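Residue strings, one per chain:
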Amino acid sequence: MSVHSADIRRITTHTIQEMKIRGEKISCLTAYDYSMAGIVDAAGVELILVGDSASNVMAGHETTLPITIDQMIYHATSVVRAVKRALVVVDLPFGSYQGNSREALSSAIRIMKESGAHAVKLEGGLEIKDSVTRILSAGVPVMGHLGLTPQSIYKFGTYTVRAKQEAEAQKLMEDAKMLEEVGCFSVVLEKIPSALTKKVSESISIPTVGIGAGPHADGQILVIHDLLGINKAFKPRFLRRYADLNGIMNDAISNYIKDVKGKSFPNEQESY
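Quantities reported herein were computed from a predicted structural model and do not represent experimental measurements.

Visitor: So what exactly am I meant to see when it comes to the UniProt feature "binding site: 3-methyl-2-oxobutanoate" (unreviewed entry) in the protein here?
Guide: Following the UniProt record, one finds the feature "binding site: 3-methyl-2-oxobutanoate" (unreviewed entry) at Asp52, Ser53, Asp91 and Lys121. In sequence the annotated residues extend across 70 residues, while in space they remain close, none of their C-alpha pairs exceeding 12.5 Å. Checking the annotated residues one by one, the ones that line the largest pocket turn out to be Asp52, Ser53, Asp91 and Lys121. Secondary-structure assignment places Ser53 in the loop between strand S2 (47-50) and helix H3 (54-57). Since its relative accessible area comes to 14%, Ser53 is described here as buried. For Ser53, the contacting residues outside a window of four places in its chain are Thr30, Tyr32, Met58, Thr64 and Val223.

Visitor: Hey, could you run me through helix H4 (residues 69-82) in this one?
Guide: Because each turn of an α-helix spans 3.6 residues, side chains separated by three or four positions in sequence point in the same direction. Under the 1.5 Å per step criterion, the end-to-end length of H4 is 20 Å for 14 residues, consistent within 8% with the ideal 20 Å. Of all 14 residues that make up H4, 10 are buried, and the element is covered over most of its length. When we look at burial in H4, the residues that qualify are Ile69, Met72, Ile73, His75, Ala76, Thr77, Ser78, Val79, Val80 and Ala82. Among the structural elements, helix H2 (34-43), S2, H3, strand S3 (87-91) and helix H5 (101-115) are those in contact with the buried residues of H4.

Visitor: Help me understand the state of the cysteines, please; the structure alone is not making it clear to me.
Guide: A disulfide bridge is the covalent bond that connects two cysteines by way of their sulfur atoms. Summed over all chains, the structure comprises zero disulfides. Unpaired in this structure, Cys28 has its nearest cysteine sulfur neighbour in Cys184, at a distance of 15 Å. With a relative accessible area of 3%, Cys184 lands in the buried category.

Visitor: Just checking my understanding: could you explain unusual backbone geometry for this structure?
Guide: Backbone phi values are negative for most residues with the exception of glycine, while trans is the configuration of most peptide bonds. The omega torsion across Phe265 and Pro266 is -5°, close enough to zero to call that bond cis. With respect to the secondary-structure elements, Pro266 resides in the segment after helix H11 (245-261). Residue Lys191 is not a glycine yet carries a positive backbone phi of 50°. Note on placement: Lys191 falls in the loop between strand S6 (186-190) and helix H9 (194-203). Here Lys263, not a glycine, exhibits a phi torsion of approximately 65°, which is positive. Inspection of the secondary structure assignment puts Lys263 in the segment after H11.

Visitor: Help me out: how do you make sense of the side chain of Ser96 in this one?
Guide: By the element assignment, Ser96 lies in the loop between S3 and H5. For Ser96, the side chain forms a polar contact with the main-chain oxygen of Pro93, separated by 2.6 Å. Ignoring any residue separated from it by four or fewer positions in sequence, one finds Ser96 in contact with Glu103, Ala104 and Ser107.

The rules we used
Residues numbered from 1 in each chain as written. Predicted model: local features only at pLDDT ≥ 70, side-chain atom pairs only at ≥ 80, totals over all residues. Heavy atoms only, no water. UniProt positions renumbered as here; feature names shortened; annotations may be inferred. 1 Å grid on protein atoms, 1.4 Å probe; cavity = no way out; pocket = protein on both sides within 12 Å on 5 of 7 lines; lining within 4 Å. Helix = DSSP H or I, 4+ residues; strand = E, 2+ residues; numbered from the N terminus. Buried < 20%, exposed > 50% of the residue type's maximum accessible area, 1.4 Å probe, protein only. Contact = heavy atoms within 4.5 Å. Expected span 1.5 Å × (residues − 1). Disulfide = S-S within 2.5 Å. Polar contact = N/O pair within 3.5 Å; in protein donor to acceptor, adjacent residues only side chain to side chain.

Quick look at the structure:
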């Protein structure tokens, strides 16, 4: 069911915080273009992430690393134009914030000014504290991201579940509390054990948003192309497909080709 226009109320970081307090789950999806963002927003999700996953699903790269800040701004601008209700968060891409807090602030300001987005997301914990703090000091809302951090894939060497060992789990807990303390409004927890997600979510006051992290997060996020079954090759355990658009689109295109070749399209009613 879509959200009626009369009921539109802009979602803010404060709204997200209130939802955690009430125990109301937060629904989040990715979007990368105007048309898809309009559909996702009208359906009623609270948070739309313009993810650096655009590198994979939109550009066909193997990892998220190649996407640039200019490309992220292009995708974010397209999404913001369509969105009337949801909170729009944009990933800072690899190389735009790590190790240099001044560059991190510059990157965040560019995204906010040029795209009109409402917040940015950064991957990592203590190692990016200075960047997070400097961005927050400029009044830019920040969402954290812990667990499996795809921008560090060559460091990890695998997309397997993170924080299964006690030491890594303890560091993740400490990082989550640090992100809360410096002022992040939320944190994504990706591909970590469900029990750890529960522990983190109960230990911090800011909302957690899970992906492959079990049911205990304050919200859930999926890549829209995965949820809709557009990308059929990606089959992780955590993914629930809600449609088979790959099959529907293939059938529609096949029927179009058949009608063109059979000379039944266009017919007289479709001609001028």
